[in-house]
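Working through the structure, step by step
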Amino acid sequence: MAWIHLLVAAVFEVVFALATNATHGFTELGPSLLTAAAAAGGIFFLSLALRTLDVGVGYTVWTGIGSVGTVVLGTVIFDEEMNAGKALAFVLIIGGVLGLKLADRLSSRGASAPNAAPVTASAPAPAPAPAPAPVTASASASASA
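Residues numbered from 1 in each chain as written. Predicted model: local features only at pLDDT ≥ 70, side-chain atom pairs only at ≥ 80, totals over all residues. Heavy atoms only, no water.

1. Side note on the overall build of the protein
Put simply, the test is: Where helices and strands are cited, they refer to DSSP runs of H or I of at least four residues and of E of at least two residues respectively, numbered from the N terminus. Buried residues are those whose accessible area, probed at 1.4 Å on protein chains only, stays under 20% of the maximum for their type, while exposed residues exceed 50% and partly exposed ones sit between those limits. Any two residues whose heavy atoms approach within 4.5 Å are treated as being in contact. For the area figures, the Shrake-Rupley method with a 1.4 Å probe applies, and any residue is considered shielded solely by the protein chains shown.
A tally of regular secondary structure across the protein gives 5 helices and 0 strands. Order of helices (α) and strands (β) in the protein, N terminus to C terminus: α-α-α-α-α. Each of the 145 residues in the protein was classed as buried or not, and the buried ones make up 23%. Sequence-distant contacts in the protein: of pairs separated by 6 or more residues, those separated by 24 or more amount to 65%. Here the protein displays about 9,800 Å² of accessible surface, and carbon together with sulfur accounts for 70% of that area.

2. Observations concerning the nonpolar core
Short version of the rule: Joining through side-chain atoms within 4.5 Å is the link that ties buried Ala, Val, Leu, Ile, Met, Phe, Trp, Tyr and Cys residues into a set, and such a set is a nonpolar core.
Counting residues in each nonpolar core, the largest one holds 12 residues, listed as Ala2, Trp3, Leu6, Ala9, Ala10, Leu46, Ala49, Leu53, Val57, Val61, Trp62 and Val97. Of all the secondary structure elements, the ones that give two or more residues to this core are helix H1 (2-22), helix H2 (29-49) and helix H3 (55-77). Among the elements that line this core, the one with the most residues is H1, at 5 residues. When near neighbours in sequence (up to four residues on either side) are disregarded, Val57 contacts Trp3 and Leu100.

3. Re a nonpolar patch on the surface
Basically, it comes down to this: For patches, a residue must show more than 30% relative accessible area and have no salt bridge; joins then use 9 Å for like charges and 5 Å for nonpolar side chains, namely Val, Leu, Ile, Met, Phe, Trp and Tyr. By convention in these notes, a salt bridge is any Lys or Arg side-chain nitrogen within 4 Å of a carboxyl oxygen on Asp or Glu.
A surface patch of nonpolar side chains, amounting to about 500 Å² of accessible area, comprises Val72, Leu73, Val76, Ile77, Phe78 and Met82. As for its placement among the helices and strands, Met82 is situated in the loop between H3 and helix H4 (84-109). Given a relative accessible area of 38%, Met82 falls into the partly exposed group.

4. Brief notes about H2
What counts is decided by this rule: To estimate the expected span of a helix, subtract one from its residue number and multiply by 1.5 Å.
For H2, with 21 residues, the first-to-last C-alpha span of 30 Å sits near the 30 Å given by 1.5 Å per residue. For H2, the full list of buried residues reads Ser32, Thr35, Ala38, Gly41, Gly42, Leu46, Leu48 and Ala49. At its buried positions, H2 is contacted by H1 and H3.

5. Things to note about unusual backbone geometry
Positive phi, normally seen in glycine, also occurs at Phe26, with a value near 60°. Note on placement: Phe26 falls in the loop between H1 and H2. We classify Phe26 as exposed; its relative accessible area is 52%. For Asp79, which is not a glycine, the phi torsion comes out positive at approximately 55°.

Below, the structure written as structure tokens:
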């Protein structure tokens, strides 16, 4: 389910980027509201995906799909230029996304329990407090005087 959440988050990311371009510096109300809603939706679904995916994998895939989707749709909607360099970069990004998904699948097979909570580093236990200095007979005699 995490990968579905991540794909939904990526769609919101694409809508966010394209709507931001259409705001003309946030001077257009409709696209500005769409930008805010898409940003909130993208972050919400990304947070759901990150319940089980590593943040490095989830965020990288989210931005990768968002980048490719934004450039592809930007060429269609806003008539932006597409060239061989961009196409090669897309192939590399898509290859990286597929590689991360494969690596995540392989690492989850080795886990002892599916959907196990991620292991987090914890702070070391605090050092014990030093023992109080022993009271000597001469110190107790001068204290009673």
